[in-house]
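# Coordinates in review
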Amino acid sequence: GGDAVDGISFRAEKGQTIGVIGGTGSGKTTLINLIPRFYDATRGSVELYGQDVKRLSPEDIRRSVGMVPQKTVLFSGSIADNVRWGKTDASDADVLNAIDGAQGTDILSKKNEGMNAPVGQGGRALSGGQRQRVAIARALVRNADILILDDSASALDFATDARLRAAIRARQGSQTVFIVSQRASGVRYADRILVMDEGRVSAQGTHEELLKKCPLYKEMWQAHIGSRDEGGATA
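Let me sum up the structure you'll find in this document. (Residues numbered from 1 in each chain as written. Predicted model: local features only at pLDDT ≥ 70, side-chain atom pairs only at ≥ 80, totals over all residues. Heavy atoms only, no water.)

### Observations regarding the environment of Ile21
- Position of Ile21 relative to the elements: it lies in strand E1 (residues 17–21).
- Classification of Ile21 as buried rests on a relative accessible area of 0%.
- Once residues lying within four places of it in the same chain are set aside, the contact partners of Ile21 are Lys28, Ser181, Gln182, Arg183, Ala184, Val187, Ile193, Leu194, Val195, Met196, Tyr217 and Met220. (Helix = DSSP H or I, 4+ residues; strand = E, 2+ residues; numbered from the N terminus. Buried < 20%, exposed > 50% of the residue type's maximum accessible area, 1.4 Å probe, protein only. Contact = heavy atoms within 4.5 Å.)

The structure is reproduced here in structure tokens:
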């Protein structure tokens, strides 16, 4: 069946946000999963800090990367327990700060026990948007050098999604952030956007550059503008 992704070359610097956009099956998740070594490159290499990831221990990579996968997995226990899965020694203040950054403070106000409220088996006491925000807080609490959000705002409405991205930008510092999205609004403010199509980067650049030179990106942006009035998915 050939390679899932092929012929891709890019460099991400400290403090940069890299957007990755493309339709279903375009190779976005495959590309992003090469960073924490969920997959290994069969040709070429992925380097962190100038070293091939294959030479780094899983612990080193885990320390360096905070990842929010597409499918949110929560376990029984409290909201705080689930956030601390990202950093076991996180203080209550750290947990609250991460939940705040993930735009989840309203979840706590709806629960009598606040961050000690149970999430239920598999998170069923929470809505899809609430589960996503707890998973994002779990990644934020780690303060890892690299943060990867893999289509992890799909259950959030446009306004919450925009506030989440603004909060991540505000706290970013030297962190490198990868935002994977199917919607152009999710990557608009990235320093560089990679447009994926059939396992390749068909174009890369800023939002403004891509509007001029990449018909696929322009089409996605126009689709976003057209759908904004509909309100999108709810959280």
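### Some details on the pairing of strand E8 (residues 200–205)
- Both strand E7 (residues 192–197) and E8 contribute to a ladder of 5 bridges, which runs antiparallel. Across the sheet, Leu194 pairs through a bridge with Gln204, a residue of E8.
- Following E7, the chain reverses through 2 residues before pairing antiparallel with E8; Glu198 in that reversal takes a positive phi of roughly 50°. (Pairing = 2+ DSSP bridges.)

### So, the environment of Asp92
- Tracing the backbone through its elements, the reader meets Asp92 in helix H4 (residues 92–101).
- Spatially, the C-alpha atoms of Asp92 and Met115 are 8.9 Å apart, while their sequence positions differ by 23 residues.
- Apart from the residues within four sequence positions on either side, Asp92 is in contact with Arg84 and Met115.
- Side chain to side chain, Asp92 and Arg84 meet in a polar contact 2.6 Å long. (Polar contact = N/O pair within 3.5 Å; in protein donor to acceptor, adjacent residues only side chain to side chain.)

### A closer look at the sheet that holds strand E6 (residues 176–181)
- In space, the 6 strands of this open sheet follow the order E4-E5-E6-E1-E7-E8, with mixed pairing throughout. Lying at the two open borders of the sheet, with one neighbouring strand each, are strand E4 (65–68) and E8. On average, adjacent strands in this sheet sit at an angle of 15° to one another, irrespective of strand direction.
- Packed onto the sheet, helix H6 (residues 128–140) meets E4 and strand E5 (146–150) and runs at close to 175° relative to E4. (Axes fitted to C-alpha atoms, helices over the stretch in contact; angles between N-to-C directions.)

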